[in-house]
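Results of the structural survey
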Amino acid sequence: MALNGFLDIDLSVKNPAELGAFWERHGLRRTADGVYGTDQRPTVLNIKEGDHRHLSAMHFSTSHESDIAEIARRLEGLGVESRTSSTTLECTDPILGHSIRIDVGAPIPLKPTDARPANRPGDRNRYNNRNASLAPDRRPPRRLGHVVLASPDIEKSTAFYFDGLGFRVTDQFVGANGTFGRVETDHHNLLIHRSRVGYLNHYAIEVDDFDAIGENGAAVVADNPDSHIIGVGRHLLGSNLFWYLRDPSGNMFEFFADMDHINDDDDWAKNHSRTDWGAPSAPAPVQAWGDAPNEAFFAVPDLDEIAQARAKRGLA
Ligand SMILES: [Fe+2]
């Protein structure tokens, strides 16, 4: 019927061993050569060598074999070539240049997070015990949730992901300058926004809850105090709790928890979705509370280097 899963990504970086070691220190396991995942999802990040840091592939699942032909037909209508078998479609993002692979299947279901007793005014449910989050062991990342991509041709990129691949729009900035979309029930598995140069703005890893963001974020900052960007806070669009950090390859990433989930598009469209976020009538700050975006959040220090590497490949 439609894409149903955002499974994993390939990250190309100058020093894959360094980035792999970073993620092994921060809760992923090396499950094969260049492949990092969790106990339940052996493939979350595929880390490869590249001449500059970039997203080099996105991997999705779709429900039925019939979807493959349907997606190929829609892509052909947009002038995007694809290669298909009965259960796989492969193509290239026409603007950003990374590979797209779609397999018939579904994401591996996650074991539910253990609910931790918490004390609230009038609702005390933890007596005679300390908070479970005082335990020294960190709860590791659970899954890849979304990526945010910057596009130098937002019209074509939006058409590719939404009209071609079949992402569903959940919220949009005024002038279609940025569109949030989903293939799972997450408010967004993708945000694509306008930019002079194409690049990966960030990748986002879901963790169990607020404390898990704190545990994991604090460990990354202890590893390298310069890795902190903004957080902890709660986003307006998606409602997720966030902490943004930088990995050793220079990519921004996010630990997030408690995002909005949508299983009724009509309800969301009628009661919540807007296509004019950022207009005077619909201000859309990044955060509902917490750190406002700073220079490190918006500026991309190596944008010129990325632009040069992309120009060599004929990409903007
Ligand atoms: Fe994010």
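Now for a description of the structure that goes with this document. What you see is a predicted model; the values in this text were computed from it and never measured. (Residues numbered from 1 in each chain as written. Predicted model: local features only at pLDDT ≥ 70, side-chain atom pairs only at ≥ 80, totals over all residues.)

Details of the overall build of the chain
- Along the chain, the regular secondary structure elements total seven helices and 19 strands.
- What you see for the chain is a C-alpha radius of gyration of 20 Å, in line with the 20 Å of a compact globule of 316 residues.
- Considering only C-alpha atoms, the chain reaches an extent of 65 × 45 × 40 Å along its principal axes.
- Considering the chain as a whole, with its 316 residues, one finds that 36% of them fall into the buried category.
- Considering only residue pairs separated by 6 or more positions, the chain has 65% of its internal contacts joining residues 24 or more positions apart. (Helix = DSSP H or I, 4+ residues; strand = E, 2+ residues; numbered from the N terminus. Rg over C-alpha atoms; globule rule 2.2 N^0.38 Å. Buried ≥ 20, exposed ≤ 12 C-beta atoms within 10 Å, placed from the backbone. Contact = placed C-beta atoms within 7 Å.)

Quick look at unusual backbone geometry
- Each neighbour pair has its own omega, and for glycine 231 with valine 232 the value is -5°, a cis peptide bond.
- Relative to the helices and strands, valine 232 resides in strand E16 (residues 228-235).
- A positive phi is found at alanine 176, a non-glycine position, where the angle reads about 55°.
- On the secondary structure map, alanine 176 appears in the loop between strand E12 (168-172) and strand E13 (178-182).
- Phi angles above zero are rare outside glycine, and serine 239 is one such case at about 65°.
- Structurally, serine 239 is set in the loop between E16 and strand E17 (241-246).
- Taking the C-beta count within 10 Å as the criterion, serine 239 has 13 such neighbours and is therefore assigned partly exposed.

Digging into the sheet that holds strand E5 (residues 54-62)
- Reading across from one edge, E2-E3-E4-E1-E5-E8-E7-E6 is the order of the eight strands in this open sheet, with mixed pairing throughout. Single-partner strands in this sheet number two, and they are strand E2 (29-32) and strand E6 (82-84). For this sheet the average axis-to-axis angle between neighbouring strands, irrespective of direction, equals 25°.
- Pairing between E5 and strand E8 (residues 99-104): six bridges, direction parallel. Within E8, the position partnered with serine 61 by the bridge is aspartate 103. (Pairing = 2+ DSSP bridges. Axes fitted to C-alpha atoms, helices over the stretch in contact; angles between N-to-C directions.)

Some words on the nonpolar core
- Of all hydrophobic cores here, the largest spans 64 residues; its most connected members are Ile9 and Leu45.
- The dominant element in this core, judged by the number of residues it contributes, is strand E1 (residues 3-13), at six residues. (Core = buried A, V, L, I, M, F, W, Y, C linked by C-beta atoms within 7 Å.)

Considering the pairing of E2
- Two strands pair when backbone bridges link them, and E2 and strand E3 (residues 35-37) are joined in this way by three bridges, in the antiparallel orientation. Residue pairing for E3: arginine 30 is matched across the bridge by tyrosine 36.
- What sits between E2 and E3 in their antiparallel hairpin is a turn of two residues, with glycine 34 showing a positive phi close to 75°.

Thoughts on the sheet that holds E17
- As summarised here, the arrangement of the nine strands in space is E12-E13-E14-E11-E15-E18-E17-E16-E19, forming an open sheet in which the pairing is mixed. If you trace the sheet from one side to the other, it starts and ends with E12 and strand E19 (287-290), each paired once. Strand-to-strand twist in this sheet, taken as the mean axis angle between neighbours without regard to direction, amounts to 25°.
- The pairing of E13 with strand E14 (residues 190-194) spans four bridges and is classified as antiparallel. Directly across from glycine 178, in E14, lies its bridge partner histidine 193.

Quick look at helix H4 (residues 210-223)
- With 14 residues, H4 extends 20 Å from end C-alpha to end C-alpha; this agrees with the ideal 20 Å at 1.5 Å per step.
- Listed in full, the buried residues belonging to H4 are Ala212, Ile213, Glu215, Asn216, Gly217 and Val220.
- Tucked into the core, H4 has its buried residues touching E16, E17 and strand E18 (252-257). (Expected span 1.5 Å × (residues − 1).)

Notes on the environment of glycine 37
- Here glycine 37 is to be found in strand E3.
- Its 22 C-beta neighbours within 10 Å are what place glycine 37 among the buried residues.
- The spacing of glycine 37 and glutamate 24 is 13 residues in sequence and 9.2 Å in space, taken between C-alpha atoms.
- With residues near it in sequence (within four places) discarded, glycine 37 still touches Leu28, Arg29, Thr31, Pro42, Thr43 and Val44.

What to know about the environment of asparagine 294
- Within the fold, asparagine 294 resides in the loop between E19 and helix H6 (295-298).
- Residue class for asparagine 294 comes out exposed when judged on the 11 C-beta atoms lying within 10 Å of it.
- The spacing of asparagine 294 and glycine 145 is 149 residues in sequence and 23 Å in space, taken between C-alpha atoms.

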